[in-house]
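Topology and contacts: notes
The chain contents come next:
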Amino acid sequence: MRCFPELQDEKLSFKVDLNRLKDIMDEKFVTSQSQLRQRKIHYLNADKELMNLILRTKFAGAKKVETELILQQVDEKGVITDIKLTNNQRLNPNQDTINNFLLNGVIKSDEYSYNDTKLNNVISTYRRNFKEIQEIDLNDREGKRSVHCENQNDLGIICTCSKK
C-alpha cells in the first residue's frame, strides 16, 4: 500500500482481506458521512422467478434525498426486463412495499454500495454482498493518490494503487 502508507498492516502482507482493509481505512480515516448509493437484491420470488429489486438513492437538493425502487425480472438466459411500477411504489417506497415484493422469496445476493466522506479530504466507496466487502476504493480529493481493490471471482482479490 505504497500510495497510502497509513493502511500498512502485517495481516495484509500476504493475502488481502477486504473486510480487514475497510476496518483499517475506517480507523485511519474517520467517516464523517456515509451515504447508501444503491442496494440490489437478487432473489427468487414466490413463483420461483429470478428477480432484481434495486433501491437507488438520488440527491434532489441540498439535503433532500429520494429513493427510487426498480423491479426487474431475469429470465433463464440472463435477459433483464424492467417491471412497470406505480409512482407510489417507485418513488420513496415504504418498507411494506419492499416487503411485499420479497414475501416468500429466497434471497440469492444482497449488494450494497456506499459513498463515505471522510475527514482530511479523503473519499471512499465500497460495495458489499451481505457482510463481505467485494470492492473498495479510497481516494484523496486532490487526486494525488488512490487505491482500488476488487474481488474478482476467477482471479481473487486484485488491488491497484496510484500515486502522482
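None of the values given here were measured: they were computed from a predicted structure. (Residues numbered from 1 in each chain as written. Predicted model: local features only at pLDDT ≥ 70, side-chain atom pairs only at ≥ 80, totals over all residues. Heavy atoms only, no water.)

Considering all chains together, one arrives at two disulfides under this definition. Two residues share a disulfide in this structure: C149 and C159, whose sulfurs sit 2.1 Å from each other. Looking along the S-S bond of the C149-C159 disulfide, the torsion reads about 115°, which is the right-handed sense. Of the two residues, C149 sits in strand 8 (residues 145-152) while C159 sits in strand 9 (residues 156-163), which places them 10 residues apart along the sequence. (Disulfide = S-S within 2.5 Å. Helix = DSSP H or I, 4+ residues; strand = E, 2+ residues; numbered from the N terminus.)

Within this structure, the stated rule accounts for three aromatic pairs. Where F4 meets F29, the ring centres are 5.8 Å apart and the plane angle is 85°; that geometry is what we call edge-to-face. Placement of F4 in the segment before helix 1 (18-28) and of F29 in the loop between helix 1 and strand 1 (31-44) is noted, with a sequence separation of 25 residues between them. An angle of 10° between the planes, with centres 6.2 Å apart, marks the rings of Y112 and Y114 as stacked. For Y112, a relative accessible area of 15% puts it in the buried group. An aromatic cluster is defined as three or more aromatic residues linked by ring pairs; in this entry it consists of Y112, Y114 and Y126. Over the face of the ring belonging to Y112 we find R128, whose NZ or CZ atom lies 4.4 Å from the ring centre. (Phe/Tyr/Trp six-rings, centres within 6.5 Å; stacked < 30°, edge-to-face > 60°. Buried < 20%, exposed > 50% of the residue type's maximum accessible area, 1.4 Å probe, protein only. Lys NZ or Arg CZ within 6 Å of the ring centre and 35° of its normal.)

With that settled, consider the pairing of strand 8. Pairing of strand 7 (residues 132-140) with strand 8 involves five bridges; the strand directions are antiparallel. Bridging across to strand 8, I136 finds its partner in C149. The antiparallel pairing of strand 7 with strand 8 creates a hairpin that spans four residues between the two strands, and G143 there sits at a positive phi of about 75°. Relative to strand 9, strand 8 runs antiparallel, the two sharing eight bridges. Its bridge partner being in strand 9, E150 is matched across the sheet by I158. The antiparallel hairpin formed by strand 8 and strand 9 contains three residues in its connecting segment. (Pairing = 2+ DSSP bridges.)

What follows covers the confidence of the model for the protein. Taken residue by residue, the protein gives an average pLDDT of 92. The fraction at 70 or more is 99%. When pLDDT is averaged over each helix and strand of the protein, the minimum, 90, is found for strand 9 and the maximum, 97, for strand 4 (residues 80-83). (pLDDT = per-residue confidence, 0-100.)

Now for the nonpolar core. Judged by nonpolar contacts, the single largest core of 18 residues is most densely connected at F4, L7, L21, M25, I136, L138 and V147. When residues of this core are traced back to their parent elements, those giving at least two are helix 1, strand 5 (106-118), strand 6 (122-129), strand 7 and strand 8. Looking at this core element by element, the count peaks at four residues for helix 1. Beyond its immediate stretch of four places on either side in the chain, I136 contacts L18, L21, K22, M25, S124, T125, Y126, V147, H148 and C149. Membership of the second largest hydrophobic core comes to 10 residues, among which are I41, Y43, L55 and F101. (Core = buried A, V, L, I, M, F, W, Y, C linked by side-chain atoms within 4.5 Å. Contact = heavy atoms within 4.5 Å.)

Attention now goes to a negative patch on the surface. A contiguous patch of negative charge on the surface is contributed by D17, D23, E27 and E132. Note on placement: E132 falls in strand 7. E132 sits in the partly exposed class, given a relative accessible area of 46%. (Patch = residues over 30% accessible without salt bridge, like charges linked within 9 Å, V, L, I, M, F, W, Y side chains within 5 Å. Areas by Shrake-Rupley, 256 points an atom, 1.4 Å probe, with all protein chains shown as cover. Salt bridge = Lys/Arg side-chain N within 4 Å of Asp/Glu carboxyl O. Lys, Arg positive; Asp, Glu negative; His and termini not counted. Charge placed at Lys NZ, Arg CZ, Asp CG, Glu CD.)

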